[in-house]
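Working through the structure, step by step
The primary structure of each chain is shown beneath.
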Amino acid sequence: MEISKVGVLGCGLMGSGIAQVAATAGFDVTVFELEQKFLDKGFAGMEKSLTKLAEKGSLAEAPGAIRARLKGTTSPQDLASCDIVIEAIIENVAEKRKIYASLDTIVKREAIFASNTSSISITELMTATRRPDRFIGLHFFNPVPLMKLVEVVRTVATAEPVYEAAYAFAQKLGKVPVRTSDKTGFIVNRLLVPYLLDAIRAYEEGVGSIEDIDNAMKLGCGYPMGPFSLLDFVGLETTYYITQVMYDEFKQSRFASPPLLKRLVMAGWYGRKTGKGFYDYSDPSHPKPNRL
Ligand code: 3HC
């Protein structure tokens, strides 16, 4: 099961990161987006990231050679000959099922379909296609060019050679794959989400300030970011969505969103991307905790 041509659906933060690491690892990559402006934005992000990595000497080739393997398209037909198609579009079941169903008739039968979803059931997505045996989860972490982990997710229907090919593919990307199965949240979010929600509850209960809770976990546990910085980094709307899916799946209070998270999302304070979340990013290099 040879993988040489990679398709990526979506050129947002995750899609462009996946495309970048695949091209860096030597694969020919075609990234699909609905509109050219989304491709332009994603490609500009890749350019910045590749330049930074080249400056640090972490690339085996010049950025130009890597860019030459990357192609953007707004035509789904351009994905027809891909060996694997990795979807990283908006976290919406209906949208994901729609794009998989339409690509199922376009992309060659032998190709593997993968989803980068962080919480939606892979099984639910796979039933939009007629290739359940060739459907897996490949969950990457933000920022994709730096984070080493990929969760490789099997369903009850995944064929063993497909799973092993996907696992080996993740290794070829220079990542460290872990094996997991289709239970909402997989390994990382199963453990990370209750921790992040507990940090919000601790703040709501007056255990400490936003800054002190962040510093406590950073300096006391050696985490690269405290929980509030990480929440703002991941995106509060993304975390809120994940809590809803996880709570719906497990019906356990540890996955339920604290009121403050919901309020911030309703207010449109999504974190770094909107300039406001638990911190204010008016001066991005010196975020200030908001009074909440
Ligand atoms: N490409 C290339 N370089 C990048 C980059 C990218 N995409 N993003 C950051 N960098 C570089 C920065 O430019 C900086 O370079 P410099 O040393 O030359 O200044 C270097 O990486 C370090 O960045 P920063 O100085 O901004 O900050 P940090 O030292 O804190 O590192 C971090 C940034 C790697 C993001 C680190 O803070 C970290 O590991 N944070 C935790 C991230 C995390 O937990 N991610 C997972 C989120 S959960 C998830 O994704 C799952 C989903 O389902 C929710």
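The next subject is the state of the cysteines. For the coordinates displayed, the defined rule picks out zero disulfides. Not part of a disulfide, Cys11 finds its nearest cysteine sulfur in Cys82, a span of 14 Å. Of the residues examined, Cys11 reaches a relative accessible area of 4% and is grouped as buried.

With that settled, consider the site of the ligand. The immediate surroundings of the ligand are formed by 18 residues, with Ser49, Lys56, Ser118, His139 and Asn142 found nearest. Measuring from an oxygen atom of the ligand, one finds a side-chain N or O atom of His139 at 3.0 Å. With respect to the ligand, the side chain of Asn189 contributes an N or O atom lying 3.1 Å from an oxygen atom. Elements that contribute at least two residues to the shell around the ligand include exactly helix 2 (36-55), helix 7 (188-204) and helix 9 (227-234). For the shell around the ligand, the leading source of residues is helix 2, giving three residues. Considering only residue class, the shell around the ligand consists of 11 nonpolar, five polar and two charged.

Our next topic: the domain arrangement of the protein chain. Along its sequence, the protein chain is organised into domain 1 (5-181) and domain 2 (193-277). Each of domain 1 and domain 2 was reduced to a C-alpha centroid, and the two centroids are 27 Å apart. Between domain 1 and domain 2, the residue contacts involve eight residues of the former and four residues of the latter. Both sides of the domain 1 and domain 2 interface together cover about 480 Å² of buried area, and 62% of this is carbon and sulfur. The largest per-residue losses of area from domain 1 upon contact with domain 2 belong to Glu91, Ser119 and Asn142, which jointly make up 68% of the total buried on that side. Between the two partners, domain 1 and domain 2, sit zero salt bridges. Of the residues that constitute the side of domain 1 that touches domain 2, the class distribution is three nonpolar, four polar and one charged.

Moving on, we come to the sheet that holds strand 2 (residues 28-32). An order of 3-2-1-4-5-6-7-8 is seen for the eight strands of this open sheet, with the pairing classed as mixed. In the strand order of this sheet, the two ends are held by strand 3 (70-73) and strand 8 (176-181), each with one partner. Each neighbouring strand pair of the sheet contributes to a mean axis angle of 25 degrees, computed without reference to strand direction. Where strand 4 (residues 84-87) lies against strand 5 (residues 112-115), four bridges are found, and the strand directions are parallel. Among the inter-strand pairings, Glu87 is bridged to a residue of strand 5, identified as Ser115. Against the sheet, helix 4 (residues 93-104) makes contact with strand 1 (5-9), strand 2, strand 4, strand 5 and strand 6 (135-140), and its axis sits at roughly 170 degrees relative to strand 5, the strand it touches most.

Time to look at the packing of helix 7 against helix 11 (residues 259-266). Packing of helix 7 against helix 11 brings their axes to within 8 Å, and their N-to-C directions diverge by 100 degrees. When the axis of helix 7 is compared with that of helix 11, the two are roughly perpendicular. Contact with helix 7, carried on its side by Leu197, Ile200, Tyr203 and Glu204, involves Pro259, Leu260 and Leu261 of helix 11 and no other residues of that element. For the contact of helix 7 with helix 11, the class distribution of residues is six nonpolar, no polar and one charged.

Criteria and cut-off values
- Residues numbered from 1 in each chain as written.
- Predicted model: local features only at pLDDT ≥ 70, side-chain atom pairs only at ≥ 80, totals over all residues.
- Heavy atoms only, no water.
- Disulfide = S-S within 2.5 Å.
- Buried < 20%, exposed > 50% of the residue type's maximum accessible area, 1.4 Å probe, protein only.
- Near = heavy atom within 4 Å.
- Polar contact = N/O pair within 3.5 Å; in protein donor to acceptor, adjacent residues only side chain to side chain.
- Helix = DSSP H or I, 4+ residues; strand = E, 2+ residues; numbered from the N terminus.
- Nonpolar A, V, L, I, M, F, W, Y, C, P; charged D, E, K, R; others polar.
- Domains from an automatic or database assignment.
- Contact = heavy atoms within 4.5 Å.
- Buried area = accessible area lost by both parts, 1.4 Å probe.
- Salt bridge = Lys/Arg side-chain N within 4 Å of Asp/Glu carboxyl O.
- Pairing = 2+ DSSP bridges.
- Axes fitted to C-alpha atoms, helices over the stretch in contact; angles between N-to-C directions.
- Parallel < 35°, antiparallel > 145°, perpendicular 65-115°, else oblique.

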